[in-house]
Amino acid sequence: RMMYPVIRKLQHKRVVLASASPRRQEILSQAGLRFEVVPSRFKEKLNKSSFPTPHAYAIETAKQKALDVARRMHQKDLRTPDIIIGADTIVTIEGLILEKPVDKQDAYWMLSRLNGKEHSVFTGVAIIHCFSQDGQLDVEISQFYEETVVMFSQLSEELLWEYIHSGEPMDKAGGYGIQALGGMLVESIHGDFLNVVGFPLNHFCKKLAELYFPPGAVGLQRVKHDSIPAVDTFENLSEEEGAGLDRGGAQARGTQDAGHDRTAESLPPFPTGLLELIAGFQASKALFTACKLKVFDLLQHEAPLQAVDIASKIDTSEHGTGRLLDVCVALGLLEKTERGYSNSDLAALYLLSDGEFSLHGFIELNDEHTWAAFTHLESDVREGSSRGHRAVGDEAEGLLQDSCPGRDARLCFMRAKHGLAKLTAHQVATALDLSRFTSACHLGGCTGALAHKLAREYPRLTVTVFDLPEVIEHVTCFQPSGPQTEQVSFVPGDFFKDSLPEADLYVLSGILHDWPDEKVHRLLSRISGSCKPGGGLLVAEVALDEDPRAARPGLLRSLSRLLQTQGGERSLTKSRQLLQLHGFTDVQVARTGDVLHVVLATRPAT
Ligand SMILES: O=c1[nH]cc([C@@H]2O[C@H](COP(=O)(O)OP(=O)(O)OP(=O)(O)O)[C@@H](O)[C@H]2O)c(=O)[nH]1
């Protein structure tokens, strides 16, 4: 059998797979790895909301699974394995983490969330090297995760239930098995198939290559005894397993703080998520800086490049540039080989200044304005708006209104809006059926990204983009070429003062959250006055959610709105009430993608 060199490296080691998953066993044995299986007893009960990202949660669970086996094996037979592998697979959609369904109803709930949409599958993997000396356990932990994006077809209820009754969903993350019947539900995938099945073999081999054939001498990250995260995993040990054991056997050896004589079981879980959260602003600023220095643009044209060449081309210090580039590698924005640095797929897709789905403008806005606003957070929270609003908010509000401080700032704001609108336009345009309308007016439609998408989706529809004259003045450079441009026109005006263009559908996307309640009422009352009987109002907003984890992006944005414009995200219930208050009925709601709610309401015929 052909064996990948890194797998061969493990040939004479005692390798344990800490997993009961038959799929993981199959994938690793097909790869030629020899191992024993010792299923973990770690209960997957970590607090999901304490992790900044879903993958941080998956990695931590994988690590705890493997550590549980390490401790139990060490205590039980004192012949510690050399390597223990743990893994955890989760599905994420709309800010939620889905694991294995607990029953058929739960499987149905999961599958109907995934139905017709895109979701991500993350597998976190922990590779634990164990060392036993003087009866003590020492470990070195290496960990990584892999993401695969999966698109589900639109499926009927009947088909979902038939699939659920097959029994296949029950032991699978997200309630489906892509490798079997569940493959019929999947329209497309982007990324590693085996990652969805439960084990990212390719990334695993790369990780082993990093560990066993490091370019320099850098190898495993040795984790001190006292930082081995302890978890409550021993309650199920049989008497035989537990007999005569020193319960502190797996505990930290040589703790620095001898005064804290804690046992492993009494140590709290290692706060990986919290530590990532603490350092979160550093990662953002590193990304902002690399964008501002046009690192990704450069590497798109010339790659791979060494740090010294990048530094000379972007006119920065070699030392500082090298550090920044390595951080970008760690953040998954760049890739690094002996030949130099190049863009990761993520960077190539979203971080080029002229890419189709560029978030460059949004990053620039965050760097130049939101960042500054957040530096006043403490005083603004104390005062409810105030200083930050006066110092920074006026400027930010000016970006949205006619008192805009300058052309550059306005263009920065437009680029940010354009990038976000291109990302969400398809979801907003297709979330609900708009085919009964023939004319639409997108209020505050900025560069027209959503208007063009509406025109493409509904060939009978003409769309007027209504925005401030100083915005309309700059829209030309954002226009696509193609036939649907004839359906879209631009009209300058202020939706608080000027008469609104006639239309049978008004559209507000990401507008209401910019304004306090009093202005929202004024705007809705003007739209209600202009809307013909039978006409509609489509509102797309980042909505607050009942689930605190899913609500996080909305809540953070709400905080940022408070600082910048006095506006804020509103819950779906609030949005619905607002529309009803202004005479709209028949409110239909659709949740799209990760964060948006789209609401369509009708002005009744009187
Ligand atoms: O398409 C597929 N998606 C997922 C799976 C299987 O789902 C489970 C994921 O659960 P988890 O990571 O918790 O792993 P367990 O099964 O509980 O085993 P442990 O050893 O970790 O306790 C996993 O088995 C995937 O293989 C699938 O089969 N297809």
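Residues numbered from 1 in each chain as written. Predicted model: local features only at pLDDT ≥ 70, side-chain atom pairs only at ≥ 80, totals over all residues. Heavy atoms only, no water.

If you look the protein chain up in an unreviewed UniProt entry, it shows as Acetylserotonin O-methyltransferase like from Rhinolophus ferrumequinum. Its UniProt record gives the protein chain the following Cofactor (unreviewed entry) comment, quoted word for word: "a divalent metal cation". (UniProt positions renumbered as here; feature names shortened; annotations may be inferred.)

Peer 1: Quick rundown of a nonpolar patch on the surface? Include the residues and the values.
Peer 2: Nonpolar side chains collect at one region of the surface, where Leu 274, Leu 275, Leu 277 and Ile 278 lie side by side and expose about 390 Å² of accessible area between them. By secondary structure assignment, the location of Leu 277 is in helix H9 (residues 272-278). (Patch = residues over 30% accessible without salt bridge, like charges linked within 9 Å, V, L, I, M, F, W, Y side chains within 5 Å. Areas by Shrake-Rupley, 256 points an atom, 1.4 Å probe, with all protein chains shown as cover. Salt bridge = Lys/Arg side-chain N within 4 Å of Asp/Glu carboxyl O. Helix = DSSP H or I, 4+ residues; strand = E, 2+ residues; numbered from the N terminus.)

Peer 1: Residue-level account of unusual backbone geometry, with values.
Peer 2: With an omega of 0 degrees, the peptide bond between Ala 303 and Pro 304 qualifies as cis. With respect to the helices and strands, Pro 304 occurs in the loop between helix H11 (295-301) and helix H12 (307-314). In this structure, Glu 94 is a non-glycine residue whose phi angle is positive, near 50 degrees. Of note, Glu 94 is situated in the loop between strand E3 (83-93) and strand E4 (96-98).

Peer 1: Explain the site of the ligand to me, and be specific about the residues and the numbers.
Peer 2: For the ligand, the set of nearby residues contains 22 residues, the closest of which are Ser 19, Arg 24, Lys 65, Lys 100 and Val 197. At a separation of 3.0 Å, an oxygen atom of the ligand approaches a polar side-chain atom of Arg 23. Backbone polar atom of Asp 171 to an oxygen atom of the ligand: 3.4 Å apart, as the coordinates give it. Relative to its unbound accessible surface of 580 Å², the ligand loses 94% to contact with the protein. According to the grid-proximity analysis, the pocket containing the ligand is the second largest pocket. Looking at the shell around the ligand, the elements that each hand over two or more residues are helix H2 (22-30), E3 and helix H6 (193-197). Top element by residues in the shell around the ligand is E3. It accounts for 3 residues. (Near = heavy atom within 4 Å. Polar contact = N/O pair within 3.5 Å; in protein donor to acceptor, adjacent residues only side chain to side chain. 1 Å grid on protein atoms, 1.4 Å probe; cavity = no way out; pocket = protein on both sides within 12 Å on 5 of 7 lines; lining within 4 Å. Sits in = over half its atoms within 2 Å of the grid points.)

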